[in-house]
Amino acid sequence: MTPLIEVRNLTHVYNAGTPEAVTALREVNLTIGRGDFVAIVGGNGSGKSTLAKHFNALLLPSEGEVIVDGLNTRDRSAVWEIRQRVGMVFQNPDNQLVATLVEEDVAFGPENLGLPPDEIARRVQDTLAAVGMLEHRRREPHLLSGGQKQRVAIAGILAMRPQCLVLDEATTMLDPQGQREVLETIARLNAQGVTVIHITHAMEEAVHCRRVIALADGRIALDGPPAEVFRRAEDLKSLRLVLPPVPALAHRLRRDGLPLGQSILTIDHLEDELARLARQRLAPRSGSGEASETADGAH
Amino acid sequence: MELSRFVTIGQYIATESPVHRLDPRTKIGAVTLLMVVIFLVRDFTGYALLTAFLFGIVVLSRIPVSHVLRGLRPIVFLLAVTLILNVFFSGIEGGQVLFRLGPLVVTREAVVRAVFIGYRLIALVVATSLLTFTTSPVELTDGIERLLRPFRRIGVPAHELAMMMTIALRFIPTLLEETEKIIKAQMARGAEFERGNVFRRARALVPVLVPLFVSAFRRAEELALAMEARCYRGGEKRTRMKQLRFAPRDAFAMGVTVAASAIFALPFETWVAFLR
């Protein structure tokens, strides 16, 4: 099966040919498989938003190629098909809702696709239910909370039946409650088979993804499962990225001499590990403290 | 307190009624017809009947009468000026003099005309606000889009107009909220909005309007991007979830309005002569 998104030697230069030319992406190569759950992390100016906008032809490569489901984003006749396949949720929930009623807004995408009215109505119903906003369908968007607005925006994208959902810092402007709502929603959608690409600078949100891609200076610096990426604390530090709280705590404890496992990502996992250590210490043949010291030295 | 959280878009009042259920196109058509008729009526009988008709619609629509009257508040000043000008400076020569006030002569004809003009203003506002009270902004824009659609061929951008109206309505509360935030932010930095004369107050608004405009443009850009990402490419090939359908009640409502309009517009004597 062909990969969903294939990025080949992508370089993007803003204001190319002018004195203000800025290279945002440099020779990026990337393949995203179907059904994957990918987090793209990176600091300000690392190029993560620029990369995201290449996935649905909102930006075109200065050099290189982006292939979405076998369609080249440079092909002007394929633009609408690509945008239907790769939907995008943006940062500010207020600036992406178009209509004055929730259900009308969700209908906006399918209406643009030219679907028959009853099919649109069915999709609006289904997708609002999928994001848990069905009871708000007759409300006006400005009366909703940030998390609710963002869920409506997600429903608006889902109603186009995309294969891939790209969230471009969609949790950045939300309060913790709203962030949780959105993260739970996208995790559920991913479980139902939608490919999710979550762009964020909140590292802790990357913990629950299956793959983490760290961008720095327009290049892919790290790429792998979270357990692997977050193990490389020193590399992340040199990229000026901070570890998420739990891996950071585990890293500190390990540095201070606790022989914790390498791939601790969640608080539950950390708790289990600590409980395991505590049991070992309480066990009659101690001396594990010595062992941990040497382990630390080796580290 | 944030005012904008309580703002509802438009003036729509969601009381379920037969008037609410009418197709927006019917209502727009009927109101347009009534607006013409208001200017055609020439005698007191006509106005009496028109008043009764409008009142009947208000009752039928279950909109509180007090609400309709409150809608007249913005035109009170205009109404007063119109009345005064027409009573004292009518320019009607001759006629039955009621009283003199220095060089000003007030005639019976002038008073009658002033009352007619004032009444027309009131009737216009009542008729149009009946439309906005009973039709949600969504239906209203839908109705306008579909009524204008036949004129696309002569270059009327029906879809674009409707889209612009929708977006404007959608962003009114958002921009209100933003204005409040900016005012508070500027007040926190020592700006004064409630002191000084009119000019000083107007000048105090500049530091509010500039950031508001900058942010409105930024919002517009982001919205355009989001719309493109959702495959928006203008009205071409676009379908709508909600279909407007004329029901028998629409034909009935339109029929009643046309008949009533004819009765109001023709002078009383014509009817008397006709019925003989």
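This is a predicted model, so every value here is computed, not measured.

Moving on to the overall build of chain B. Check the secondary structure of chain B and you find 12 helices and 2 strands. In sequence order, the secondary structure elements of chain B are arranged as α-α-α-α-α-β-β-α-α-α-α-α-α-α. Expected size for 276 residues packed as a compact globule is a radius of gyration near 19 Å; at 24 Å, chain B overshoots this value by more than 25%. Once the C-alpha set of chain B is aligned to its principal axes, its extents read approximately 70 × 55 × 40 Å. By element, 69% of the accessible surface of chain B is carried by carbon and sulfur atoms, the whole surface being about 16,600 Å². Side-chain charges of chain B comprise 35 positive and 21 negative groups, with the mean position of each set lying 2 Å from the other.

The subject of this paragraph is the packing of helix α2 (residues 24–40) of chain B against helix α11 (residues 248–265) of chain B. Residues and elements named next belong to chain B. At a minimum axis separation of 10 Å, α2 and α11 run at an interaxial angle of 5°. The orientation of α2 relative to α11 falls into the category roughly parallel. When α2 is examined against α11, the residues Thr26, Gly29, Ala30, Leu33, Leu34, Val37 and Leu40 are found in contact with a partner set consisting of Asp250, Ala253, Met254, Thr257, Val258, Ser261, Phe264 and Ala265. Residue classes in the contact of α2 with α11 are distributed as 10 nonpolar, 4 polar and 1 charged.

Now for the packing of aromatic side chains. All names here are of chain B. If you walk through the whole model with that rule in mind, you get 5 aromatic pairs over all chains. Relative to phenylalanine 264, the ring of phenylalanine 53 has its centre 5.6 Å away and its plane inclined at 65°; by these criteria the two rings are edge-to-face. With phenylalanine 53 in helix α3 (residues 44–61) and phenylalanine 264 in helix α11, this pair connects stretches of sequence that are 211 residues apart. For the pair phenylalanine 53 and phenylalanine 264, a shared accessibility class is recorded, and that class is buried.

Counting residues at the interface gives 34 residues for chain B, matched by 44 residues for chain A. Per-residue buried area on chain B facing chain A is highest for Arg170, Arg230 and Met241 of chain B; these three make up 26% of the total on that side. Here arginine 83 of chain A makes a salt bridge to glutamate 228 of chain B, at a shortest N to O gap of 3.3 Å. Joining chain B to chain A, the criterion identifies 18 residue pairs in polar contact (both at pLDDT 80 or more). Those elements giving two or more residues to the side of chain B that touches chain A turn out to be α8 (158–188) and α10 (206–229) of chain B. For the side of chain B that touches chain A, the per-class residue count stands at 16 nonpolar, 6 polar and 12 charged.

Moving on, we get to the domain arrangement of chain A. Residues and elements named next belong to chain A. Domain annotation for chain A reports domain 1 (5–242) and domain 2 (247–298). Computed from C-alpha coordinates alone, the two centres of domain 1 and domain 2 are separated by 37 Å. Here domain 1 and domain 2 share an interface that buries about 590 Å² over both sides, 74% of which is from carbon and sulfur atoms. It is Val207, Ala227 and Arg231 in domain 1 that bury the most area against domain 2; as a group they hold 61% of the surface buried on that side. Our count for the contact surface shared by domain 1 and domain 2 stands at 0 salt bridges. For the pair domain 1 and domain 2, the interface holds 1 residue pair in polar contact (both at pLDDT 80 or more). Going through the elements one at a time, α7 (226–229) and α8 (233–238) are the ones with two or more residues in the side of domain 1 that touches domain 2. Here the residues of the side of domain 1 that touches domain 2 sort into 5 nonpolar, 1 polar and 2 charged.

As a further point, take the pattern of salt bridges. Scanning the model with the defined rule gives 32 salt bridges over all chains in all. Glutamate 103 of chain A serves as the salt-bridge partner of arginine 137 of chain A, at 2.8 Å between the closest nitrogen and oxygen. Taken together, the residues span a long stretch of sequence, with arginine 137 of chain A in the loop between α4 (117–130) and α5 (146–158) and glutamate 103 of chain A in helix α3 (residues 102–112) at a distance of 34 residues. For arginine 137 of chain A, a relative accessible area of 21% corresponds to the partly exposed category. Among the ionic pairs, glutamate 178 of chain B bridges to arginine 219 of chain B, the shortest N-O distance being 2.7 Å. Taken as a pair, glutamate 178 of chain B in helix α8 and arginine 219 of chain B in helix α10 lie far apart in primary sequence, 41 residues in all. Using a relative accessible area of 17% as the deciding quantity, one classes glutamate 178 of chain B as buried. Three or more residues are tied together by salt bridges with common partners; here these are Glu103, Glu104, Glu111, Arg137 and Arg138 of chain A together with Asp142, Glu145, Arg146, Arg238, Arg240 and Lys242 of chain B.

Turning our eyes to something else, we now look at helix α9 (residues 245–255) of chain A. Along an α-helix, a turn takes 3.6 residues, which lines up residues three or four apart on a common side. Within the sequence span of α9 of chain A, burial applies to Val246, Pro247, Ala250, His251 and Arg254 of chain A. One face of α9 of chain A carries all of its buried residues, which in axial projection span an arc of 140°.

Looking now at the sheet that holds strand β6 (residues 86–89) of chain A. All names here are of chain A. The strand order across the open sheet formed by 6 strands is β6-β7-β8-β3-β9-β10, and the pairing between neighbours is mixed. In this open sheet, the two edge strands, each paired with only one partner strand, are β6 and β10 (219–224). Across the sheet, the mean angle separating the axes of adjacent strands is 20° when strand polarity is ignored. With 4 bridges connecting them, β6 and strand β7 (residues 164–168) associate as parallel partners. Bridge pairing in β7 places methionine 88 opposite valine 166. Relative to the sheet, α5 contacts β6 and β7, its axis offset from that of β6 by approximately 165°.

Another point: the nonpolar core. Residue and element names in this part refer to chain A. Ranked by internal contacts, the top residues of the largest apolar core, which has 46 residues, are Val89, Ile154, Leu165, Leu167, Phe230 and Leu236. At the level of elements, β3 (37–41), α3, α4, α5, β7, α6 (176–191), β9 (211–216) and α8 are the ones that each hand at least two residues to this core. Looking at this core, the element that brings in the most residues is α5, giving 6 residues. With sequence-adjacent residues up to four places away left out, leucine 165 is seen in contact with Gly87, Val89, Ile154, Ile157, Ile186, Leu189, Val194, Thr195, Val196 and Ile197. With 30 residues, the next largest nonpolar core counts Ile32, Leu51, Ala78 and Val86 among its residues.

Residue and element names in this part refer to chain B. The backbone phi angle of arginine 62 is positive, close to 60°, even though this residue is not glycine. Considering the arrangement of structural elements, one finds arginine 62 in the loop between α3 and α4 (65–70). Residues other than glycine seldom take positive phi values, yet cysteine 231 does so here, at roughly 65°. Within the secondary structure, cysteine 231 is located in the loop between α10 and α11.

With that settled, consider a nonpolar patch on the surface. Residues and elements named next belong to chain B. Judged by side-chain polarity, Phe55, Val59, Val65 and Leu69 come together as a nonpolar surface patch covering roughly 380 Å² of accessible area. Elements supplying a minimum of two residues to the nonpolar patch: α3 and α4. Note on placement: phenylalanine 55 falls in helix α3. Given a relative accessible area of 48%, phenylalanine 55 falls into the partly exposed group.

Reading guide: rules and limits
Residues numbered from 1 in each chain as written. Chains lettered and ligands numbered in written order. Predicted model: local features only at pLDDT ≥ 70, side-chain atom pairs only at ≥ 80, totals over all residues. Heavy atoms only, no water. Helix = DSSP H or I, 4+ residues; strand = E, 2+ residues; numbered from the N terminus. Rg over C-alpha atoms; globule rule 2.2 N^0.38 Å. Areas by Shrake-Rupley, 256 points an atom, 1.4 Å probe, with all protein chains shown as cover. Lys, Arg positive; Asp, Glu negative; His and termini not counted. Charge placed at Lys NZ, Arg CZ, Asp CG, Glu CD. Axes fitted to C-alpha atoms, helices over the stretch in contact; angles between N-to-C directions. Parallel < 35°, antiparallel > 145°, perpendicular 65-115°, else oblique. Contact = heavy atoms within 4.5 Å. Nonpolar A, V, L, I, M, F, W, Y, C, P; charged D, E, K, R; others polar. Phe/Tyr/Trp six-rings, centres within 6.5 Å; stacked < 30°, edge-to-face > 60°. Buried < 20%, exposed > 50% of the residue type's maximum accessible area, 1.4 Å probe, protein only. Buried area = accessible area lost by both parts, 1.4 Å probe. Salt bridge = Lys/Arg side-chain N within 4 Å of Asp/Glu carboxyl O. Polar contact = N/O pair within 3.5 Å; in protein donor to acceptor, adjacent residues only side chain to side chain. Domains from an automatic or database assignment. Arc of directions from axis to C-beta. Pairing = 2+ DSSP bridges. Core = buried A, V, L, I, M, F, W, Y, C linked by side-chain atoms within 4.5 Å. Patch = residues over 30% accessible without salt bridge, like charges linked within 9 Å, V, L, I, M, F, W, Y side chains within 5 Å.

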